[in-house]
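Examining the three-dimensional arrangement
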Amino acid sequence: MQSSSGLKVRFHANPYTLGDTNLLIRPLLSSVPWLSSLFVLYQLETQELWQPEMPFRALVSVLILALGLAGSFVLKTALDQRGR
């Protein structure tokens, strides 16, 4: 990059700004699997794809939520290890 006087100027990103951005993005990104599992449960209810009388509905709900939470945990762990 050149300045208006013709001198070459090196561009350096501010490390403090990037760190603050990562502190915001990582938790949001790691919560996507959990939020998507909540959305799946919401869609199953609003589209009436399953009824309250359905056998094992509570178990399926717990399994969907557990998969979402486990996915969030794995993603958060991977992002934290990558950031070190």
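Residues numbered from 1 in each chain as written. Predicted model: local features only at pLDDT ≥ 70, side-chain atom pairs only at ≥ 80, totals over all residues. Heavy atoms only, no water.

**Digging into the pattern of salt bridges**
For the structure shown, the criterion picks out 2 salt bridges. The partner of R57 in a salt bridge is E45, and the shortest N-O contact between them spans 2.4 Å. Highlighted residues: R57 in helix α3 (residues 57–83) and E45 in helix α2 (residues 32–46), separated in sequence by 12 residues. Overall, the relative accessible area of 19% leaves R57 in the buried class. (Salt bridge = Lys/Arg side-chain N within 4 Å of Asp/Glu carboxyl O. Helix = DSSP H or I, 4+ residues; strand = E, 2+ residues; numbered from the N terminus. Buried < 20%, exposed > 50% of the residue type's maximum accessible area, 1.4 Å probe, protein only.)

**Focus: the packing of aromatic side chains**
Tallied over the full model, the rule gives 1 aromatic pair. On the numbers, 6.4 Å between centres and 35° between planes, the contact of F39 with Y42 is tilted. A residue pair is termed a helical-turn pair when its members lie 3 or 4 positions apart in one helix, as F39 and Y42 do in helix α2 at 3 residues. The lysine or arginine in question, R57, covers the ring of W50, its NZ or CZ lying 5.0 Å from the ring centre. (Phe/Tyr/Trp six-rings, centres within 6.5 Å; stacked < 30°, edge-to-face > 60°. Lys NZ or Arg CZ within 6 Å of the ring centre and 35° of its normal.)

**Digging into α3**
For α3, spanning 27 residues, the distance from its first C-alpha to its last is 39 Å, which sits close to the expected 39 Å at 1.5 Å a residue. By the burial criterion, the buried members of α3 are R57, S61, I64, G68, S72 and L79. (Expected span 1.5 Å × (residues − 1).)

**Quick notes on the confidence of the model for the chain**
When pLDDT is averaged along the chain, the result is 83; 74% of the residues meet or exceed 70. Highest mean pLDDT in the chain belongs to α2 (96); lowest belongs to helix α1 (residues 15–30) (73). (pLDDT = per-residue confidence, 0-100.)

**So, the packing of α2 against α3**
Taken N-terminus to C-terminus, the directions of α2 and α3 make an angle of 155°; their axes are 7 Å apart at the nearest point. Looking at the two axes, α2 sits roughly antiparallel to α3. Contacts between α2 and α3 involve P33, W34, S37, L38, V40, L41, L44 and E45 from the first element and R57, S61, I64, L65, G68, L69, G71, S72 and L75 from the second. Classifying every residue of the contact of α2 with α3 by side-chain character gives 10 nonpolar, 5 polar and 2 charged. (Axes fitted to C-alpha atoms, helices over the stretch in contact; angles between N-to-C directions. Parallel < 35°, antiparallel > 145°, perpendicular 65-115°, else oblique. Contact = heavy atoms within 4.5 Å. Nonpolar A, V, L, I, M, F, W, Y, C, P; charged D, E, K, R; others polar.)

**Overview of the environment of D80**
By the secondary structure assignment, D80 is in helix α3. Distance in space between the C-alpha atoms of D80 and R26 is 8.2 Å, their sequence separation being 54 residues.

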